[in-house]
Amino acid sequence: MASISDSETTNHGSIWDLDQNLDQPMDEEASRLKNMYTEKKFSSILLLRLAFQSLGVVFGDLGTSPLYVFYNIFPHGVDDDEDVIGALSLIIYTLTLIPLMKYVFVVLRANDNGQGGTFALYSLLCRHAKVSTIPNQHKTDEELTTYSRQTYEENSLAAKIKRWLEGHVYKKNCLLILVLIGTCTAIGDGILTPAISVLSASGGIRVQNQKMSTDVVVVVAVIILIGLFSMQHYGTDKVGWLFAPIVLLWFILIGTIGALNIHKYNSSVLKAYNPVYIYRYFRRGKSESWTSLGGIMLSITGTEALYADLCHFPVLAIQIAFTLVVFPCLLLAYTGQAAYIISNKDHVVDAFYRSIPGTAVVIVMLVTTFLMVPIMLLVWKSHWILVVIFIVLSLMVELPYFTACINKVDQGGWVPLVVATTCFIIMYVWHFCTVKRYEFEMHSKVSMAWILGLGPSLGLVRVPGIGFVYTELASGVPHIFSHFITNLPAIHSVVVFVCVKYLPVYTVPTEERFIVKRIGPKNFHMFRCVARYGYKDIHKRDDDFEKMLLDRLLLFVRLESMMDDYSDSEDFTMMEEKTQGSSNALLLTGKAGSNTMCSTGDLSYSSQDSIVPAKSPIRGNSLTRYSSQTFGDELEFLNRCKDAGVVHILGNTVVHARPDSGIIKKVAVNYVFAFLRKICRENSVIFNVPHESLLNVGQIYYI
């Protein structure tokens, strides 16, 4: 067992200093990872091809909305031509302000390296301000090529907004709740929107056969939906190529028919492009004018898909498809319908479509509007006047629609809201318990200096093999490890602390995923490995996580061996002479290697097992003593340990509510969270850990 000298024990800060030096972040390791990420650039032909494919993936909901919009605006029929023109004017400017101006030209630019949606906005904010409720980020994460962020001047508006957001925990929680609301309502809307679109399209078969039962329409819609969803597994590329010609033909047909209807029935509807008719529409004083906004809102159903599906296509491709095809065809379709309705007022009513809900859509849009404010200030550094203009114009359109949609809650709009509320409860309970569990890990972690004070055997029998100890901490020793070695008399010859981190980036390139660092002297055979993932990284079943860890560990030792060879060269001797007297610690660094700390402040590692004070930061043959064991021997040692067997030690922290907690907290923690833990995949399954190599260490934590 290692011994600590008297001079060290008298210095009360030495162990703390040592622990800080041992647990230094992996700055050097992270900075050496190669920048492999390059922004994708597309040729003009490829861009047009992607714009064509996007028609079959992104714009289906917007394209089918003309099927049911006017039915929901005038469920009781049309009395006056001015009402149709006023409603058409509202549709025209709603399409112009929300999908075209807000989303296509503004919101699409707020993407996370090509990823869109509410969560992408939150990820951008978490990178530009410390608003994440789980404080597991470090500046080494900023070395990632996908981790783009801005710097601010001290007195700039962006810096003030950043400090304001970071000032209190409740602001971070409010931001998280807003994001969860937007995400959950998008899920609620996404569940119903495909069914509504297909059901509305299937309803067309009743036009020529009014005696046909509604059940027949429903059966046809179900068959179509089954066929559509059965094709999803072929991937976005094949689905896009399959449906893009159909959707393009659809837009061309509805645009052409709309133009013909304008010419055939009533070209006077073109005056609806004058926004004054919106004012006249509401001035008439009918209560139906305000409630009809719920129906008009359906004209922009699927707009959020422009942003949420951004991961499949570049921004410019979606902008081209919308501005050149979707937008003009929709305007022609709605204008032609209005012309037809004016001449055939009895054909507007169809009770089948009255109960279609448009409620969750407007909530998602409102959330996007609010999240765009800090994005414009922090990420884009926009002038505050532009931010005010954006939010005023957005809310002028969206708030009236929101109040009008509230009236449709009892007509079917409650369905997506119930789904969204359920998802919100699940997400918030999961997040709350995860944060509490992480705080427990942070507060109960063990000092690395204490572990190393046990000596190379860690005070136990070191049996052949490699032990991967999983932890959520990127520094320190997890409580689970001390719990393990306290109750069992042996530990593996090689110990690797594996920290799996999920960062606010959409992906982490494979070559930048793992960072490896040695802990303590070489004869301890202890390492730390941080595996970093983005929120869209998928753990595939064919990925061998264990093999990747072992390969990275062996690569680290091999590169360290290269640095050891370099340390014996004359060039290194010259560098050593230049740094003597001015450096507190010498780091062995190289183009692709890791760092090996030879001295740390007033403490250094000797050739023995103990930790002793050093009288000089760099002395005589300290490097030679530290390198007495060749790295070739260590590689052979690691390979022998690998052949002896690998064990994955996972912590299983069970969270319970305290006995004196309230009933809501007890239900949320003891039942909801416990149920979610049971039905969710465990880490052993996610990382494909063989069952025979798994060792679970359990502990209970009361919150």
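Per chain, residues are indexed from 1 in the order of the written sequence. This being a predicted model, a pLDDT of at least 70 is required before a residue's local features are given, and a value of 80 or more before pairs of side-chain atoms are given or counted; all residues contribute to the totals for chains, interfaces and linings. Water and hydrogen atoms were dropped before computing side-chain values, which therefore reflect all heavy atoms in the structure.

Student: Explain the overall build of the protein chain to me, using residue names and the numbers behind them.
Tutor: Strands here mean DSSP runs of E at least two residues long; helices mean DSSP runs of H or I at least four residues long; both are numbered from the N terminus. Per the secondary structure count, the protein chain includes 28 helices and 9 strands. The buried share of the protein chain, taken over its 703 residues, is 50%. Whether two residues are in contact is decided by their heavy atoms, any of which lying within 4.5 Å being enough. Looking at the protein chain alone, contacts between residues at least 24 apart form 84% of all its contacts between residues at least 6 apart. Only the protein chains shown count as cover for residues, and the accessible areas themselves come from Shrake-Rupley with a 1.4 Å probe. As displayed, the protein chain has an accessible area near 33300 Å², and 60% of this comes from carbon and sulfur atoms. For the exposure calls, accessible area comes from a 1.4 Å probe over protein chains only, and a residue counts as buried if that area is under 20% of its type's maximum, exposed if over 50%, partly exposed in between.

Student: Go over the environment of Val418 with me, naming the residues and quoting the values.
Tutor: Residue placement: Val418 occurs in helix H20 (residues 414–443). Judged by its relative accessible area of 43%, Val418 falls in the partly exposed class. Distance from Val418 to Cys184, taken between C-alpha atoms, is 10.0 Å for residues 234 residues apart in sequence.

Student: I'd like a description of helix H7 (residues 81–104), backed by residues and values.
Tutor: Multiply 1.5 Å by the residue count of a helix minus one, and that product is the helix's expected span. An ideal rise of 1.5 Å per residue puts 34 Å on 24 residues; H7 measures up with 32 Å between its terminal C-alpha atoms. Judged by how many residues are buried, H7 sits mostly within the fold: 19 of 24 residues are covered. Any pair of N or O atoms that falls within 3.5 Å is considered a polar contact. Within protein, one atom must be able to donate a hydrogen and the other to accept it, and sequence-neighbouring residues count only if both atoms are side-chain atoms. Here H7 starts with a cap whose side-chain oxygen sits 2.9 Å from the backbone nitrogen of Glu82, and that cap is Asp80.

Student: Go over helix H22 (residues 479–487) with me, naming the residues and quoting the values.
Tutor: For an α-helix, the turn length of 3.6 residues means that residues three or four places apart are oriented alike. Along H22, the residues classified as buried are Ile480, Phe481, Ser482, Phe484 and Ile485. On its buried face, H22 sits against helix H21 (448–453), strand E1 (461–471), strand E2 (490–502), strand E8 (646–656) and strand E9 (694–702).

Student: I'd like to hear about the nonpolar core, residue by residue, with values.
Tutor: Buried Ala, Val, Leu, Ile, Met, Phe, Trp, Tyr and Cys residues form a nonpolar core when they are joined through side-chain atoms within 4.5 Å. Counting 101 residues, the largest nonpolar core has Phe59, Ile73, Phe251, Tyr307, Phe322 and Met372 as the members making the most contacts within it. Considering each element in turn, this core owes the most residues, 16 residues, to helix H17 (residues 315–343). With residues near it in sequence (within four places) discarded, Tyr307 still touches Tyr103, Val107, Leu108, Ala110, Asn111, Gly116, Gly117, Thr118, Ala120 and Leu121. Within the second largest apolar cluster, 29 residues are counted, among which are Val516, Cys529, Leu549 and Val646.

Student: Can you lay out the sheet that holds E1 for me, pointing to particular residues and giving the numbers?
Tutor: Strand pairing in a sheet relies on backbone hydrogen bonds. The paired strands run either parallel or antiparallel. DSSP bridges decide pairing: two strands pair if at least two such bridges lie between them. Taken in spatial order, the 6 strands line up as E3-E4-E2-E1-E8-E9 in an open sheet, and their pairing is mixed. In this open sheet, the two edge strands, each paired with only one partner strand, are strand E3 (514–519) and E9. Strand after strand, the sheet turns through a mean of 25° between neighbouring axes, direction not considered. In this description, a line fitted to the C-alpha atoms serves as the axis of each element, helices being fitted only across the stretch in contact, and the angle between N-to-C directions of two axes falls anywhere from 0 to 180 degrees. Contacts between H22 and the sheet are confined to E1, E2, E8 and E9, with E9 contributing the most and set at about 115° to the helix.

Student: Account for the pairing of E2, naming residues and giving values.
Tutor: Of all the 13 residues making up E2, 11 are buried; the element is thus mostly covered by neighbouring parts of the structure. As paired elements, E1 and E2 share 9 bridges and run parallel to each other. Paired with Arg462 across the bridge in E2 is Ile491.

Student: Mind laying out the packing of aromatic side chains, listing which residues take part and the relevant values?
Tutor: Each Phe, Tyr or Trp ring, with Trp reduced to its six-membered ring, pairs with another whose centre is within 6.5 Å; inter-plane angles below 30 degrees give stacked pairs, above 60 give edge-to-face pairs, and intermediate values give tilted ones. For the coordinates displayed, the defined rule picks out 14 aromatic pairs. Aromatic pair Phe424 and Tyr428: ring centres 6.0 Å apart, planes at 15°, arrangement stacked. Taken as a pair, Phe424 and Tyr428 lie in helix H20 at a separation of 4 residues, close to a single helical turn. Residue classification places Tyr428 among the partly exposed positions, given a relative accessible area of 30%. Among the aromatic residues, those joined into a cluster by ring pairs are Phe59, Phe322 and Phe327. Over the ring of Trp380 we find Arg109; its NZ or CZ atom is 4.3 Å from the centre of that ring. Lysine and arginine charges are scored as sitting over a ring when NZ or CZ, respectively, is within 6 Å of the ring centre and within 35 degrees of the ring normal. The ring of Tyr277 is capped by Arg280, whose NZ or CZ atom sits 4.8 Å from the centre of that ring.

Student: So, the state of the cysteines: which residues are in play, and what are the values?
Tutor: Cysteine sulfur pairs qualify as disulfides if the two atoms are within 2.5 Å. The final tally for this structure, using the stated rule, is 0 disulfides. Summary of cysteine pairing: Cys184 is not part of a disulfide, and the nearest cysteine sulfur, belonging to Cys423, is at 5.2 Å. Take Cys184: its relative accessible area is 1%, and that puts it in the buried class.

Student: Provide a residue-level description of a nonpolar patch on the surface, including the pertinent values.
Tutor: Distance thresholds for patches are 9 Å for like charges and 5 Å for nonpolar side chains (Val, Leu, Ile, Met, Phe, Trp, Tyr), applied to residues having over 30% relative accessible area and no salt bridge. A side-chain nitrogen of Lys or Arg and a carboxyl oxygen of Asp or Glu constitute a salt bridge if their distance falls within 4 Å. Residues Leu157, Trp384, Ile385, Leu386, Val388, Ile389, Val392, Leu393 and Met396 make up a contiguous nonpolar surface patch of roughly 840 Å² in combined accessible area. It is helix H19 (residues 384–406) that contributes the most residues to the nonpolar patch, 8 residues altogether.

Student: How would you sum up the pairing of E3? Please name residues and give values.
Tutor: Burial analysis of E3 places 6 of its 6 residues in the buried class, the great majority of the element. Here E3 shows no split at all, with Phe514, Val516 and Arg518 on one side and Ile515, Lys517 and Ile519 on the other all buried. Joining the antiparallel neighbours E3 and strand E4 (residues 526–533) is a turn of 6 residues, in which Gly520 adopts a positive phi near 75°.

Student: Report on the packing of H7 against H17, specifying residues and quantitative values.
Tutor: It is at 10 Å that the axes of H7 and H17 come closest, and there the two elements cross at 170°. Judged by the angle between their axes, H7 and H17 are roughly antiparallel. Listed contacts from H17 to Asp81, Val84, Ile85, Leu88, Ile91, Ile92, Leu95, Thr96, Pro99, Leu100 and Val104 of H7 are Gln319, Phe322, Thr323, Phe327, Leu330, Leu331, Tyr334, Thr335, Ala338, Ile341 and Ile342. Classifying every residue of the contact of H7 with H17 gives 17 nonpolar, 4 polar and 1 charged. Working definition: roughly parallel below 35 degrees, roughly antiparallel above 145 degrees, roughly perpendicular at 65 to 115 degrees, and oblique for all remaining angles. Residues are grouped as follows: Ala, Val, Leu, Ile, Met, Phe, Trp, Tyr, Cys and Pro are nonpolar; Asp, Glu, Lys and Arg are charged; every other residue, Gly included, is polar.

Student: A description of the pattern of salt bridges should follow, citing residues and the corresponding values.
Tutor: Within the structure shown, the criterion is met by 11 salt bridges. Here Arg127 ties to Asp112 by a salt bridge, and the two come within 2.9 Å at their closest N and O atoms. Of this pair, Arg127 sits in helix H8 (residues 118–128) while Asp112 sits in the loop between H7 and H8, placing them 15 residues apart in sequence. We note that Arg127, like Asp112, is buried. Residue Asp551 pairs with Lys547 through a salt bridge whose shortest N-O separation is 2.9 Å. Within this pair, Asp551 and its partner Lys547 are both found in helix H23 (residues 545–567), separated by 4 residues, close to a single helical turn.

Student: Let's hear about unusual backbone geometry: which residues, and what values?
Tutor: Peptide bonds are, in most cases, trans, and in most cases residues other than glycine have a negative phi. Positive phi, close to 55°, is recorded for Lys381, a residue that is not glycine. By secondary structure assignment, the location of Lys381 is in the loop between helix H18 (359–379) and H19. With a phi close to 55°, His525 is a non-glycine residue in the positive phi region. One can find His525 in the loop between E3 and E4.

Student: Tell me about the confidence of the model for the protein chain, and name the residues and values.
Tutor: Low pLDDT means the predicted coordinates in that region are not meant to be read closely. Values of pLDDT, ranging from 0 to 100, describe the predictor's confidence in every residue of the model. Looking at the protein chain, pLDDT values average 75 and 78% of them are 70 or higher. Low pLDDT, under 50, characterises residues 350–357; the stretch is placed with 30 contacts to residues that sit more than four places away or in other chains. Between residues 568–629, whose pLDDT stays under 50, and residues either more than four places distant or in other chains, the model counts 113 contacts.

Student: Residues and numbers for the environment of Phe251, please.
Tutor: With respect to the helices and strands, the residue Phe251 is situated in helix H12 (residues 236–264). As a C-alpha pair, Phe251 and Val326 span 75 residues in sequence and 6.7 Å in three-dimensional space. Those residues in contact with Phe251, other than ones at most four positions away along the chain, are Phe59, Gly63, Val325, Val326, Cys329 and Leu330.

Student: Tell me what's going on with the side chain of Thr368, and back it up with residues and numbers.
Tutor: Counting through the fold element by element, Thr368 comes out in helix H18. On the basis of relative accessible area, Thr368 is assigned to the buried category, the value being 1%. Residues within four places of Thr368 in sequence aside, it is in contact with Tyr103, Val107, Leu121 and Glu304.

Student: So what about the environment of Lys665? Which residues, and what values?
Tutor: Locating Lys665 in the fold gives a position in helix H27 (residues 663–679). Sequence separation of Lys665 and Ile703 is 38 residues, and the distance between their C-alpha atoms is 9.4 Å. With sequence-adjacent residues up to four places away left out, Lys665 is seen in contact with Phe432, Ala657, Asn670 and Ile703.

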